[in-house]
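Chains, contacts and geometry: an overview
Chain by chain, the residues:
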Amino acid sequence: MYLTFFLSLRFLESRKNSNFISIISAITIGGISLGVAALIITVSILSGFENTLSQKLINFDSHIKIVSYADILPDYKNEQIKVEKLIGNSIGQIVPYASKLSIISSGKIKEGVNIKGVPSASLSNYLKNNSIIGSIELTESTTAPIVLGKKLANKLLVKPGDQITIFSLKDDRLPSQENLPTIKRFKVIGLFESGMSEFDDLFAYVNLEDAQSLFSIGNNITGYDITLANPSAIDSITNVLANKLKYPYSVHSIYEIHKNIFTWIGLQKQLIPVVLFLITFVAIFNIVGTLLLVIIEKTNEIGILKTLGSKNKLIVSIFMYYGLFISVIGIFIGNLLALTFILLQKEFNIISLPSSVYFVNSVPVDISILNFVSVSGLALLLCLVASILPSYIASRINPLTSLRFS
């Protein structure tokens, strides 16, 4: 085995009067490196998109949402106990909320906004992974506090400490002298920035009691946000709740609420086989081409080895090792390139995105050992398979014919 290893290393060197083979080997290594790096980066980006978007969506909308066909859910505290029993040990947190579309006004500027009232202690869970300016403690008593998305605040030209006015329709009917809208003043205590324009531009958070007063719904709510201890149970728990809770309850999972986003992520993942096929083709073509060129250059050496009594198995092993060396070097460099890009992207966000299109303002990446190991293992296997044919061709060379070219 030592002899095979030694001869393979010697074959990596080109003859003194020809640098062509060494250049081809370097190009082959470069091709494998770029292919491996591209696939690892692609998988890491798609995984990063899925994890980042899922986490952001869960923070805003939870794993499961229970709403009402009749707009409000009365006697919500007793019903909450019933829901908790149905979920059992899988429950992580259940948050009652009151939410409604309203008009927010600052001076002459008016915007549509989704006002969401939650218990004071729960807001930190919704915004824990967001950039915060000011405070998110909904406990002030003089003026009702409100937390706005940063993009919405920029439209309204407000900052923490400023006051805004919110108009809410009663019973979702057009205002009239008999049905005047509810008007309430709020003090902006903080801003949040999630990087998702869908939320930064449309959401504002207030205390649950202030929302109930604004919407004129008494001591009622409009829904529950449910977070599970085990996200893999989302579909099964959703089915259980949907079957057990009758009218006016309507149960939806995060995958149903944001079906368009998760469908988009799924479509992106479908490109991985195409990328893998292209990288496989390039890697196999490079390995086969390089080994065939090495065989042509080393024909004389192969003849000498056979004349000295070397078996075909030794010749095959030499070129298999040669292909293995090239593959390992290329895969190692590819891993380094991918890791360097991922670390730079996580640290400096060198590639930014329009959040209105891609839901996030920079390319998210996920550092996963599994991605590196699986891509590297697959690449190594394919490269070894590609080395079989040239190695077999080398073993079939006739020593008399080979020595004739010396």
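So, how was this worked out
- Residues numbered from 1 in each chain as written.
- Predicted model: local features only at pLDDT ≥ 70, side-chain atom pairs only at ≥ 80, totals over all residues.
- Heavy atoms only, no water.
- Buried < 20%, exposed > 50% of the residue type's maximum accessible area, 1.4 Å probe, protein only.
- Helix = DSSP H or I, 4+ residues; strand = E, 2+ residues; numbered from the N terminus.
- Pairing = 2+ DSSP bridges.
- Contact = heavy atoms within 4.5 Å.
- Core = buried A, V, L, I, M, F, W, Y, C linked by side-chain atoms within 4.5 Å.
- Axes fitted to C-alpha atoms, helices over the stretch in contact; angles between N-to-C directions.
- Parallel < 35°, antiparallel > 145°, perpendicular 65-115°, else oblique.
- Left-handed = near helix turned anticlockwise from the far one by under 90°.
- Expected span 1.5 Å × (residues − 1).
- Arc of directions from axis to C-beta.
- Phe/Tyr/Trp six-rings, centres within 6.5 Å; stacked < 30°, edge-to-face > 60°.
- Salt bridge = Lys/Arg side-chain N within 4 Å of Asp/Glu carboxyl O.

1. Some points on the pairing of strand β8 (residues 203–207)
A regular strand places its side chains so that they alternate between the two faces of the sheet. Among the five residues in β8, five count as buried, and that is most of the element. Two strands pair when backbone bridges link them, and strand β3 (residues 109–118) and β8 are joined in this way by five bridges, in the parallel orientation. Looking at the pairing, I115 lines up with A204 of β8.

2. Brief notes about the environment of I272
Secondary-structure assignment places I272 in helix α11 (residues 272–297). Not counting the four nearest positions on each side in its chain, I272 is found in contact with V43 and L46.

3. With respect to the environment of I164
Note that I164 resides in strand β6 (residues 163–168). Apart from residues no more than four positions distant in its own chain, I164 is found in contact with I104, S105, S106, I146, V158, K184, R185, F186 and V188.

4. Overview of the environment of L86
Structurally, L86 is set in helix α3 (residues 76–87). When the C-alpha positions of L86 and I237 are compared, they lie 8.6 Å apart, and in sequence the two are 151 residues distant. Not counting residues within four places of it along the chain, the set of residues in contact with L86 comprises V240, L241, K244 and L245.

5. Observations regarding the nonpolar core
Generally speaking, a soluble globular protein has its nonpolar side chains buried in company with each other. Ranked by internal contacts, the top residues of the largest apolar core, which has 102 residues, are I146, L148, Y205, I226 and L241. Per element, the largest residue contribution to this core is 14 residues, and it comes from helix α2 (residues 20–61). Here L241 is in contact with I64, I66, V83, L86, I87, I226 and V251, once residues within four sequence places are set aside.

6. A closer look at the packing of helix α13 (residues 312–348) against helix α15 (residues 369–395)
It is the contact of α13 with α15, at a shortest axis distance of 8 Å, that shows an interaxial angle of 155°. With respect to their mutual orientation, α13 and α15 come out roughly antiparallel. In this structure, α13 crosses over α15, and the sense of that crossing is right-handed.

7. Looking at the packing of α3 against helix α8 (residues 234–244)
It is at 10 Å that the axes of α3 and α8 come closest, and there the two elements cross at 135°. Relative to α8, the element α3 is oriented oblique. Relative to α8, the crossing made by α3 is right-handed. Residues V83, L86 and I87 of α3 lie in contact with α8, whose contacting residues are I237, V240, L241 and K244.

8. Examining α3
Under the 1.5 Å per step criterion, the end-to-end length of α3 is 16 Å for twelve residues, consistent within 8% with the ideal 16 Å. Of all the residues in α3, the buried ones are Y76, Q80, V83 and I87. Summarising the axial view, the buried residues of α3 lie within an arc of 60°, below the 170-degree limit, and thus occupy one face. Where α3 is buried, its residues contact β1 (64–68), β2 (91–106), α7 (208–215), β9 (223–228) and α8. Directly beyond the C-terminal end of α3, a positive phi value near 70° is found at G88.

9. Structural notes on the packing of aromatic side chains
What the rule picks out here adds up to seven aromatic pairs. A ring pair is formed by Y69 and Y247, whose centres lie 6.1 Å apart and whose planes are at 5°; its orientation type is stacked. Note that Y69 is positioned in the loop between β1 and α3 and Y247 in the loop between α8 and β10 (249–253), a separation of 178 residues in sequence. Looking at Y69, the relative accessible area reads 57%, which means it is exposed. Taking relative accessible area as the criterion, Y247 reaches 64% and is therefore assigned exposed. Pairing F203 with Y205 gives two aromatic rings, centres 6.2 Å apart and planes at 35°, and the pair type is tilted. Through successive ring pairs, a cluster of aromatic residues spans Y126, F192, F199, F203 and Y205.

10. Considerations on the pattern of salt bridges
Under the definition given, this model contains six salt bridges. Here K150 ties to E193 by a salt bridge, and the two come within 3.8 Å at their closest N and O atoms. Taken as a pair, K150 in helix α5 (residues 150–156) and E193 in strand β7 (residues 182–193) lie far apart in primary sequence, 43 residues in all. Close ionic contact of K155 with D201 constitutes a salt bridge, the shortest N to O distance being 2.9 Å. On the criterion of sequence distance, the pair formed by K155 in helix α5 and D201 in the loop between α6 (197–200) and β8 is long-range, its members being 46 residues apart. Where salt bridges share partners, they join D61, K65, K116 and D225 into one cluster.

11. Here we look at unusual backbone geometry
Glycine aside, residues mostly have negative phi angles, and peptide bonds mostly take the trans form. Note the cis peptide between Y247 and P248, where omega equals 10°. For D75, which is not a glycine, the phi torsion comes out positive at approximately 50°. As for its position among the elements, D75 is in the loop between β1 and α3. Residue classification places D75 among the partly exposed residues on the basis of a relative accessible area of 45%. The backbone phi angle of L157 is positive, close to 60°, even though this residue is not glycine. Within the fold, L157 resides in the loop between α5 and β6.

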